Every structure is written in C-alpha cells, then in structure tokens.
Amino acid sequence: MTDEERRNGMRVLKSVEIGIREVEKQTNIKILACSSIISNQSSDIVCFTGYNEIRYELPYQVFMTIPEKRIIIEVARALTIVFNDYGQ
C-alpha cells in the first residue's frame with residue numbers, strides 16, 4: 001500500500017466512523033469500539049471492532065469501491081449481530 005492509498009483509506013475510514021457515530025446517537029446503542037487499516041506483505045485489510053468484540057473485516061480494495069453510506073449500514077449491521085447460546 002502506498003502512502004497516498006493509506007491517506008485516502010484513512011479519509012474514508014474517518015468518514016465511516018463519523019457516520020457510525022451518528023447511527024449510535026440515533027439508536028442510543030454503542031456500536032463501534034475502534035477501526036483501523038492493517039497492512040502486511042500479502043494484503044491490506046480494513047478492520048472494524050464492535051463493543052461486543054465482534055470484528056468485521058474488508059479487503060482494502062473492496063472497502064474503497066463501496067459507497068460510504070453502504071459501508072456504514074453494513075458495518076453497523078454486522079457489529080450489532082448477537083448470537084444466542086443455541087446458535088440461532
């Protein structure tokens with residue numbers, strides 16, 4: 001990942017965080033604990049971690065092609081999924 005790609009990714013990531021914070025205000029539910037871009041030799045991943053310790057990861061290239069509003073919806077939905085003891 002180049003420095004420019006990282007800057008663009010962080011700009012979009014901050015925008016998504018702001019959108020999720022707005023959803024939190026509207027629903028009065030804490031959703032997002034932290035988010036980050038993880039780069040290593042083989043891949044670049046955007047990671048969102050919820051307060052319930054659920055992680056939602058997207059490849060960087062996919063993250064950059066999806067509209068921000070759609071990412072906000074998908075991340076908020078993914079991080080608020082609760083599994084019961086019976087796996088239902």
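One structure accompanies this document, and this report is about it. Just so we're clear, the structure is a prediction, and the values are computed from it rather than from any experiment. (Residues numbered from 1 in each chain as written. Predicted model: local features only at pLDDT ≥ 70, side-chain atom pairs only at ≥ 80, totals over all residues. Heavy atoms only, no water.)

## Notes on the overall build of the protein
When helices and strands are counted, the protein shows three helices and three strands. Written out in order from the N terminus, the α and β elements of the protein read α-β-β-β-α-α. Its C-alpha atoms give the protein principal-axis dimensions of about 45 × 30 × 20 Å. Considering the protein as a whole, with its 88 residues, one finds that 31% of them fall into the buried category. For the protein, long-range pairs separated by at least 24 residues make up 46% of all intrachain contacts whose partners lie at least 6 apart in sequence. (Helix = DSSP H or I, 4+ residues; strand = E, 2+ residues; numbered from the N terminus. Buried < 20%, exposed > 50% of the residue type's maximum accessible area, 1.4 Å probe, protein only. Contact = heavy atoms within 4.5 Å.)

## Quick notes on the nonpolar core
With 17 residues, the main nonpolar core has Val 16, Ile 20, Val 46, Phe 48 and Phe 63 as its most contacted residues. Every element with two or more residues in this core is listed here: helix H1 (3-27), strand E1 (32-39), strand E2 (44-50), helix H2 (60-65) and helix H3 (68-79). Looking at this core, the element that brings in the most residues is H3, giving five residues. (Core = buried A, V, L, I, M, F, W, Y, C linked by side-chain atoms within 4.5 Å.)

## Overview of the pairing of E2
The element E2 is extensively covered by neighbouring structure, given that six of its seven residues are classed as buried. Both E1 and E2 contribute to a ladder of seven bridges, which runs antiparallel. Paired with Cys 34 across the bridge in E2 is Thr 49. Taken together, E1 and the strand that follows it, E2, pair antiparallel across an intervening segment of four residues. Relative to strand E3 (residues 55-59), E2 runs antiparallel, the two sharing five bridges. When the sheet's bridge partners are listed, Cys 47 is paired in E3 with Glu 57. (Pairing = 2+ DSSP bridges.)

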